[in-house]
Amino acid sequence: MKKYEEKKFTIGTLTGLSERQIAEHLKLYAGYVKHVNLIAENVEELSSNSEKNAYLISELRRRFAFEFDGMRMHEFYFESFEEGKREHESGSTLGAAIAEQFGSFDNWLTQFKTVALSRGIGWTVLSRDPRSGSLINHYAGDHELGHLAGLDIIIALDMWEHAYMIDYTPGEKKQYVEAFLSNLNWRVPEGRFNRET
Ligand SMILES: [Fe+2]
């Protein structure tokens, strides 16, 4: 299997998210990349006797989804901060699609925040269903549970406590969500939406 490389992100000073918070979070991301590769190596080794190691291999393959999605979701997340904050543009193709499907940008935002502030750890995601063209706000538990098959991820907001606990307490989750949104470079989700249209 292809070996995955840790991506380097160019993230400047953020508002409401400290350098230390981002640095510690990036270390966790690096761990996911490392474990994706480690699991792949282990599976390869165990496959030399796949009958004897069948249970181990299948457990590792399940574990792989956690590590792989942990890696990929963090890439979606950190990319959103690259090149600094850019406001949402209502005239963009994504802006127009949000307004059309949710009635207004504010309606979408309210719904997205509600999903983010629901209980539990995981990811709040805005995805696009390429078959129907729908935009959907949804939640993925852990990293890999509850993803909707075949959807393209447009925005991924990390709602694990490790994403904010250096800067905020668990009771201040709302401020963290606001901080994420206020630092978002909207060119990134717009780029994903346009690539995938
Ligand atoms: Fe995270």
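Sequence positions are assigned chain by chain, starting from 1 and proceeding in written order. Only residues with pLDDT of 70 or above have their local features reported here, since the model is predicted, and side-chain atom pairs are shown and tallied only from 80 upward, although totals for entire chains, interfaces and linings are computed over all residues. Only hydrogens and water are set aside; all other atoms, that is, all heavy atoms of the structure, feed into the side-chain values.

*Asks:* I would appreciate a short explanation of the overall build of the chain in the present structure.
*Replies:* Each helix is a run of DSSP H or I of at least 4 residues and each strand a run of E of at least 2, with the numbering of both proceeding from the N terminus. Broken down by element type, the chain carries six helices and three strands. When the helices and strands of the chain are listed from N to C terminus, the series reads α-α-α-α-β-β-β-α-α. Projected onto the principal axes, the alpha-carbon positions of the chain cover approximately 55 × 40 × 30 Å. Partly exposed residues are those whose accessible area sits between 20% and 50% of the maximum for their type, while under 20% is buried and over 50% is exposed, using a 1.4 Å probe and protein chains only. Each of the 197 residues in the chain was classed as buried or not, and the buried ones make up 43%. Considering only residue pairs separated by 6 or more positions, the chain has 71% of its internal contacts joining residues 24 or more positions apart. Asp and Glu count as negative and Lys and Arg as positive, but His and the ends of the chain are not part of the count. Positions of charges follow a simple convention, taking NZ of Lys, CZ of Arg, CG of Asp or CD of Glu. With 23 positive and 30 negative side-chain charges, the chain shows a separation of 1 Å between the mean positions of the two kinds. Note on contacts: a residue pair is in contact if any heavy atoms of the two residues lie within 4.5 Å.

*Asks:* Explain the packing of aromatic side chains to me, please; I cannot follow it from the model alone.
*Replies:* The description of an aromatic ring pair rests on the distance of the ring centres and on the angle between the ring planes. Put simply, two rings from Phe, Tyr or Trp (the six-membered ring, in Trp's case) pair if the centres are within 6.5 Å, and we call them stacked under 30 degrees between planes, edge-to-face over 60, tilted for the rest. For the coordinates displayed, the defined rule picks out 17 aromatic pairs. Ring centres of Tyr77 and Phe78 lie 5.1 Å apart, and the angle between their planes is 80 degrees; this geometry places the pair in the edge-to-face category. For the pair shown, Tyr77 and Phe78 are each scored as buried. An aromatic cluster of three or more residues is present, and its members are Phe9, Tyr29, Tyr77, Phe78, Phe81, Trp123 and Phe180. Between Lys2 and the ring centre of Tyr4, over which it is positioned, the NZ or CZ distance is 5.0 Å. Consider the ring centre and the ring normal. A charge sits over the ring if Lys NZ or Arg CZ is within 6 Å of that centre and within 35 degrees of that normal.

*Asks:* It is not clear to me how the coordination of the iron ion should be interpreted in this structure. Could you clarify?
*Replies:* With water omitted from the atoms examined, metal sites may look incomplete; donors here are N, O and S atoms no farther than 2.8 Å from the metal, or 3.2 Å in the case of Na, K and Ca. The coordination sphere of the iron ion contains the protein donors His25 (NE2), His74 (NE2), Asp158 (OD) and His162 (NE2), at a distance range of 1.8 to 2.1 Å. Each of the four donor atoms bound to the iron ion contributes to angles spanning 87 to 131 degrees, and the resulting shape is tetrahedral. In terms of primary sequence, the donors binding the iron ion are separated according to H-x48-H-x83-D-x3-H. A residue pair is termed long-range when its members are at least 10 positions apart, and His25 in helix H1 (residues 19-46) and Asp158 in strand E3 (residues 152-158) qualify at 133 residues. For the pair formed by His25 and Asp158, the shared burial category is buried. In these descriptions, tetrahedral denotes four donors with every angle between 85 and 135 degrees, square planar four donors and octahedral six donors with opposite donors over 155 degrees apart and the rest between 65 and 115, and irregular any other case.

*Asks:* Even after reading the chapter, I still don't get the domain arrangement of the chain, so can you show me in this structure?
*Replies:* Where interface size is given, it is often the accessible area lost as the parts come together that is meant. The domain architecture assigned to the chain consists of domain 1 (19-79) and domain 2 (93-196). Taking only C-alpha atoms into account, the centre of domain 1 sits 23 Å from that of domain 2. Domain 1 puts 16 residues into the contact, and the matching count from domain 2 is 21 residues. It is Gln21, Met73 and Tyr77 in domain 1 that bury the most area against domain 2; as a group they hold 42% of the surface buried on that side. Think of a salt bridge as a Lys or Arg side-chain nitrogen and an Asp or Glu carboxyl oxygen that are within 4 Å of each other. Connecting domain 1 to domain 2 are one salt bridge. Where Arg192 meets Glu79, a salt bridge forms, and the shortest distance between an N and an O atom there is 2.8 Å. What marks off one domain from the next here is an automatic or database domain assignment. The term buried area refers to how much accessible surface (probe radius 1.4 Å) is lost by two components on association, counted for both of them together.

*Asks:* Mind showing me how you'd approach the nonpolar core here?
*Replies:* Side chains of nonpolar character tend, in soluble globular proteins, to be buried together. In terms of nonpolar packing, the biggest core is built from 47 residues, with Leu17, Tyr77, Trp108, Ile155, Leu157 and Tyr176 touching the most fellow members. Of all the elements in the fold, those that place two or more residues in this core are H1, helix H2 (54-79), helix H3 (93-102), helix H4 (105-116), strand E1 (122-128), strand E2 (135-141), E3 and helix H5 (173-183). Shared between two domains, this core takes at least three residues from each, and those domains are domain 1 (19-79) and domain 2 (93-196). Throughout, nonpolar core names a set of buried Ala, Val, Leu, Ile, Met, Phe, Trp, Tyr and Cys residues whose side chains join them through atoms within 4.5 Å.

*Asks:* Is there a simple way to think about the pattern of salt bridges in this case?
*Replies:* Any two side chains of opposite charge can pair, on the condition that their charged atoms come close. Throughout the structure, instances matching the rule amount to nine salt bridges. The closest approach of N and O atoms between Glu6 and Lys8, which form a salt bridge, is 2.9 Å. Classification of Glu6 by relative accessible area gives partly exposed; the value is 35%. With a relative accessible area of 67%, Lys8 lands in the exposed category.

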